[in-house]
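# Topology and contacts: notes
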Amino acid sequence: MTLDTFADLLIEIGTEELPPKALLTLSKAFAEGFLRQLREHGIAHATIERFATPRRLALLVRETRTHQPDQTTIRRGPAVQAAFKADGLPTPAALGFARSCGVEVDALGREETDKGAWLTFRNLQPGLETAHLVPAMTEAALAELPIPKRMRWGDREEEFVRPVQWVCLMLGANPIPGVVLGVEAGGFTRGHRFHHPDRISLGSAADYPESLRATGSVEASFERRRDLILEQANALAAAQGLKARIDPGLLDEVTALVEWPQALLCRFDSSYLEMPPEVLIETMQNHQKYFPVEDAHGVLQALFIAVANVVSRDPGQVRAGNERVIRPRFSDAAFFWSKDLKQPLSAFAERLETVVFQDKLGTLADKSRRVGRLGRDLAPLLGSDPRQIERCAQLAKCDLVTSMVFEFPGLQGIMGRYYAERSHEDPCISAAMEEQYLPRFAGDALPSSACGMALAIADRIDTLVGIFGIGLRPTGTRDPYGLRRASIAVLRLLIETPLDLDLRDLLNNAFQGFTPGTLSDDVVEAVLAYMLERLHGYYGERGVEGDTIEAVIQSGVTNPWDLDRRISAVAAFRMLPAAAALAAANKRIRNILSKNEAAADGIGTVDVTLLTDPAEIRLAARVAELSDLVVPYAEQRDYIGILEALADLRDDVDAFFADVMVMSEDRPIRQNRLRLLGSVAGLFMLVADIARLQSP
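This text gives an overview of the structure that appears in the document. All residue numbers refer to positions counted from 1 along the written sequence of the respective chain. Only residues with pLDDT of at least 70 get local features here, since the model is predicted, and only at 80 or more are side-chain atom pairs given and counted; chain-wide, interface and lining totals rely on the full set of residues. Each side-chain value is worked out from all heavy atoms of the structure, with water and hydrogens disregarded.

## So, the overall build of the protein
Along the protein, the regular secondary structure elements total 25 helices and 18 strands. Taken against the 2.2 N^0.38 rule, which gives 26 Å for 696 residues, the C-alpha radius of gyration of the protein at 35 Å runs more than 25% over that of a compact globule. Projected onto its principal axes, the C-alpha positions of the protein cover 105 × 100 × 50 Å. For this analysis, residues touch if any pair of their heavy atoms sits within 4.5 Å. Sequence separation of at least 24 residues holds for 69% of the intrachain contacts in the protein that already meet a minimum separation of 6. Throughout, the Shrake-Rupley method with a 1.4 Å probe supplies accessible areas, and for residues the shown protein chains are the sole cover considered. When the accessible surface of the protein is totalled, it reaches about 32800 Å², and 50% of it is carbon and sulfur. Charged-residue counts in this description rest on Lys and Arg as positive and Asp and Glu as negative, His and the chain ends being excluded. To locate a charge, the coordinates of NZ of Lys, CZ of Arg, CG of Asp or CD of Glu are taken. Computed over 77 positive and 95 negative side-chain charges, the inter-centroid distance for the protein is 4 Å. Only DSSP runs of H or I reaching four residues or more are called helices, and only runs of E reaching two or more are called strands; each is numbered from the N terminus. The quantity called the radius of gyration is restricted to C-alpha atoms. Its globule counterpart is 2.2 Å times the number of residues to the power 0.38.

Okay, here's the thing in structure tokens:
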């Protein structure tokens, strides 16, 4: 036995500049992977701190046990009955097992179980020192990182996301010897590339963050560095009576680009503010990684905040450099804006004939025509003019071939709206140019105009049917056409607007718009099944249980708005005292009916003259009574009302199963009782297949 001792463990992998958009993901995955290694090796520890900068991934594991605990392994061999002969001598099976364990048969133990006695071998494996295990554990954790494409450097065989420059491994005050990714580990780190490029020796693992901060001009904590950038940017803007426009994704990316952030307030020529603000924001954020500045009303100002990675002796020079870099970007954008405005948006439609949407599905012009056709049919259902919807479809993709969107793809739709407005298109059409892409992500806003709604639905339905129909269905993590996102968007549009539209009808309509023979014959049902499956994720995020969703889907209804009402009703029904018993009864009914083809002459065919038992007479009367009662509820789609009314069946159903022999030897009576059960199940199927509900 070894005395338990604990010390802080430091692991740092120093690299060339890591990809900024992946840095935070890599850092979290490294921590999770190493935690799995600690668990697998039985090494106790307290908390774990993550560190990530452009040039390093690091972990500080607090109070790590310095020695792995001893482990006892038990191997089970042959049954005792098969291990010894009648005279007590070991059989070949026992001898072979002992030999494989490296001991004599006499050293083997026995284990008694309810299935008999077995030969066993217990082996005590002394635990290893944690320091001895750390290099291999580190490499194992690094090997699991989500790196799409690894690289080699020099003449080495090791692979990683970027070349590794140094490795620091320390347990307490002691460096850990070893090799990680071909690099010899040491007890030192390195500071800022410019402020302190030399080695920094560490007195102990716990000194790591403060030594880098005080000596190396590096804030190793991603979270603290992000907070520093946020504080500096907000302070600079507030000093001008303004506010910084901070996009969370951009903030993370900038945090991943610097080790010692220094924010600077910069200016640009106010004449550029004559362009749409989205153009300037796109240029500043996505191209230059700057934070725009706006007033209290959200109006963009001729200012931006740049974050440098050095503390300059002459900040003015750094500021001027950033202002100089942004100027040609804005100048190019102004040129594109001016060039595109020389002709109306509709003039770009001709160029869509030359842009391929998909080899087998034609050009963007072909797609626009299909979307226009589908949109025309949607127009009356949305209370819109079919000609207006068709005009929307003709213009919808025109901005994709403008100079501005070619240079700034993230502005698709936005520029379409501006160009449509400048072309004096109807306001509904102009709004639809941008709204066709809504919702873009979970929680995003939905289109507010009828034109935007029609375009958003028609365009996605066309894509889903077309891409599925030529066999390019999503598989695993591959979804190059964004079909998962498109499916969720359509479901949200139909459910949350809400729109009383049948999904199968929409898909069939879209299918008719393609050239015959282009798509597979089963595409409508395939897309329908795929989209309905997405409801599990949609409602799962809202806390709805999976069996509730499945019970409703099994009703066969394909109207998402109607399904939504049913799901709400079933969720409410589950809270009733009678719900569990009725779900169990329906499951029993389904099992009986599935084994007997008779049932099934359907609801309303019960022969009352064949009812003899009081329990079945009462149940038949209640079914008839409730059938009349729920008809108005069904017409009004009041599914909660239906289920609340049917909850009163509990006592009669229970009594029926307690007192009535369903499978009577008298065939007409048996058939009649099966039809009675079928009528009970049929009432519930007006809402959902509640037999699929699981017991709580």
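## Things to note about the layout of surface pockets
Taken as a whole, the largest pocket holds about 740 Å³ of empty space. Detection works on a 1 Å grid of protein atoms alone, calling trapped sets that fit a 1.4 Å probe cavities and calling open sets with protein on both sides within 12 Å along at least five of seven lines pockets, with lining residues defined by an atom within 4 Å of a point. Contributing to the lining of the largest pocket are 26 residues, with Glu282, Gln285, Gly410, Ile414 and Arg440 lying nearest its centre. Within the residue set of the lining of the largest pocket, elements represented by two or more residues are helix 7 (248-255), helix 8 (277-287) and helix 14 (427-435). Along the lines of polarity and charge, the residues of the lining of the largest pocket split into eight nonpolar, seven polar and eleven charged. Grid points are joined across faces, edges and corners, and a volume is the space filled by probe spheres set on the points. As a volume, the second largest pocket reaches approximately 590 Å³. Lys397, Gln412, Tyr437, Asp459 and Arg485 are, among the 20 residues lining the second largest pocket, the residues nearest its centre. Only strand 17 (356-358), helix 10 (364-382), helix 15 (450-469) and helix 16 (483-496) provide two or more residues apiece to the lining of the second largest pocket. Just so you know the grouping, Ala, Val, Leu, Ile, Met, Phe, Trp, Tyr, Cys and Pro go in nonpolar, Asp, Glu, Lys and Arg go in charged, and all remaining residues, Gly too, go in polar.

## Observations regarding helix 20 (residues 560-573)
To estimate the expected span of a helix, subtract one from its residue number and multiply by 1.5 Å. With 14 residues, helix 20 should reach 20 Å at 1.5 Å per residue; the first-to-last C-alpha distance of 20 Å fits that figure. Only protein chains enter the accessibility calculation, which uses a 1.4 Å probe. A residue is then buried if its area is under 20% of the maximum for its type, exposed if over 50%, and partly exposed in between. By the burial criterion, the buried members of helix 20 are Pro560, Trp561, Asp562, Leu563, Arg566, Ile567, Ala569, Val570 and Phe573. Where helix 20 begins, the capping side chain belongs to asparagine 559, and its oxygen is found 3.0 Å from the backbone nitrogen of tryptophan 561. Polar contacts, as used here, are pairs of N or O atoms within 3.5 Å; protein pairs need one atom able to donate a hydrogen and one able to accept it. Residues neighboring in sequence count only if both atoms are side-chain atoms.

## A word on helix 7
Among all positions of helix 7, only Leu250, Leu251, Glu253, Val254 and Thr255 are buried. In this structure, the buried residues of helix 7 make contact with helix 6 (222-238), helix 8, strand 15 (291-294) and strand 16 (300-308).

## With respect to the state of the cysteines
Counting rule for disulfides: a pair of cysteine sulfur atoms within 2.5 Å. Scanning all chains against the criterion turns up one disulfide. Note that cysteine 428 is cross-linked by a disulfide to cysteine 451, the S-S spacing being 2.4 Å. The disulfide joining cysteine 428 to cysteine 451 has a torsion of about 120° about its S-S bond and is therefore right-handed. Separated by 23 residues along the polypeptide, cysteine 428 in helix 14 and cysteine 451 in helix 15 bring together distant segments of the chain. This pair shows no difference in class: cysteine 428 is buried, exactly as cysteine 451 is.

## Side note on the pairing of strand 5 (residues 109-113)
In terms of strand pairing, strand 5 meets strand 6 (residues 116-125) through five bridges, oriented antiparallel. When the sheet's bridge partners are listed, glycine 109 is paired in strand 6 with threonine 120. Strands were regarded as paired on the criterion that DSSP finds at least two bridges between them.

All quantities given are derived from atomic positions and should not be read as evidence of function.
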